[in-house]
Amino acid sequence: MTKQESEIIIELAHRQLSAYRAAKALNYHRNTIYYHVSKIKKETGLNPYDFFDMQKLYPIAQEVASRV
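Figured I'd write up the structure that's included with this text. What you see is a predicted model; the values in this text were computed from it and never measured.

Comments concerning unusual backbone geometry
A positive phi angle is found at Q16, which is not glycine, with a value near 55°. Of note, Q16 is situated in the loop between α1 (3-14) and α2 (19-26). With a phi angle near 60°, N27 is a residue other than glycine that sits in the positive phi range. Looking at the secondary structure, you find N27 in the loop between α2 and α3 (30-44).

Some remarks on the side chain of E5
Mapping E5 onto the fold places it in helix α1. A distance of 3.5 Å separates a polar atom in the side chain of E5 from a polar atom in the side chain of K39. Excluding its chain neighbours within four sequence positions, the residues that come into contact with E5 are H36, K39, I40 and E43.

Focus: α3
With 15 residues, α3 should reach 21 Å at 1.5 Å per residue; the first-to-last C-alpha distance of 21 Å fits that figure. Taken together, the buried positions of α3 are occupied by I33, H36, V37 and I40. Mapping the buried residues of α3 onto a view down its axis gives an arc of 105°, with all of them on the same face. With respect to the buried face of α3, the exposed residues turned more than 90 degrees away are Y35 and K42. Just beyond α3, the residue with positive phi is G45, at close to 80°.

Details of the packing of aromatic side chains
In the structure shown here, the tally under the stated rule is one aromatic pair. Ring geometry for F51 and F52: centres 5.4 Å apart, planes at 80°, overall edge-to-face.

A word on α1
The first and last C-alpha atoms of α1 sit 17 Å apart over 12 residues, in line with the 16 Å expected at 1.5 Å per residue. For α1, every residue scored as buried is listed here: E5, S6, I8, I9, I10, E11 and L12. Where α1 is buried, its residues touch α2, α3 and α4 (51-66).

Things to note about the pattern of salt bridges
Side chains that differ in charge, positive against negative, can pair when their charged atoms come close. Considering all chains together, one arrives at three salt bridges under this definition. Its salt-bridge partner being K39, residue E5 comes within 3.5 Å of it at the nearest N-O pair. Of this pair, E5 sits in helix α1 while K39 sits in helix α3, and the two are 34 residues apart along the sequence. According to the relative accessible area criterion, K39 is partly exposed, its value standing at 28%. For R67, the salt bridge goes to E63, with nearest N and O atoms at 3.1 Å.

Calculation rules
Once a new chain begins, its residue numbering starts again from 1 and follows that chain's sequence as written. Local features in a predicted model are, by the rule used here, given only for residues with pLDDT of at least 70; side-chain atom pairs are given and counted only at 80 or more, and totals for whole chains, interfaces and linings are based on all residues. Hydrogens and water molecules were not included; the side-chain quantities draw on all heavy atoms of the structure. The helix and strand labels rest on DSSP assignments: H or I over at least four residues marks a helix, E over at least two residues marks a strand, and numbering proceeds from the N terminus. Definition of a polar contact: a pair of N or O atoms within 3.5 Å, with one able to donate and the other able to accept a hydrogen when the atoms are protein atoms, and with sequence-neighbouring residues admitted only if both atoms are side-chain atoms. Two residues form a contact once any of their heavy atoms are found within 4.5 Å. Each helix should span, by expectation, one fewer than its residue count multiplied by 1.5 Å. Between buried and exposed lies partly exposed: a residue is buried under 20% and exposed over 50% of the maximum accessible area for its type, with that area taken using a 1.4 Å probe on protein chains only. To obtain the arc, one takes the directions from the helix axis to the C-beta atoms. The criterion for an aromatic pair is that two Phe, Tyr or Trp rings (for Trp, the six-membered ring) have centres within 6.5 Å, with stacked assigned to planes under 30 degrees apart, edge-to-face to planes over 60 apart and tilted to the rest. Between Lys or Arg on one side and Asp or Glu on the other, a salt bridge is scored when a side-chain nitrogen of the former is within 4 Å of a carboxyl oxygen of the latter.

This is how it looks when you write it as structure tokens:
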């Protein structure tokens, strides 16, 4: 997972899985969020829009985001 994808996962979690609100907070286009979510789904097999999958992705995203 890239740093950008981790930021998207974190924002989705903080914005109740709303791609529109996450995009607005990150200053991205909504389609950018959808693109990266589909990429994450392909790479991990986990769907960020599923509550239980998000519980697995969120700690990974926090770890990636904390790296410098």
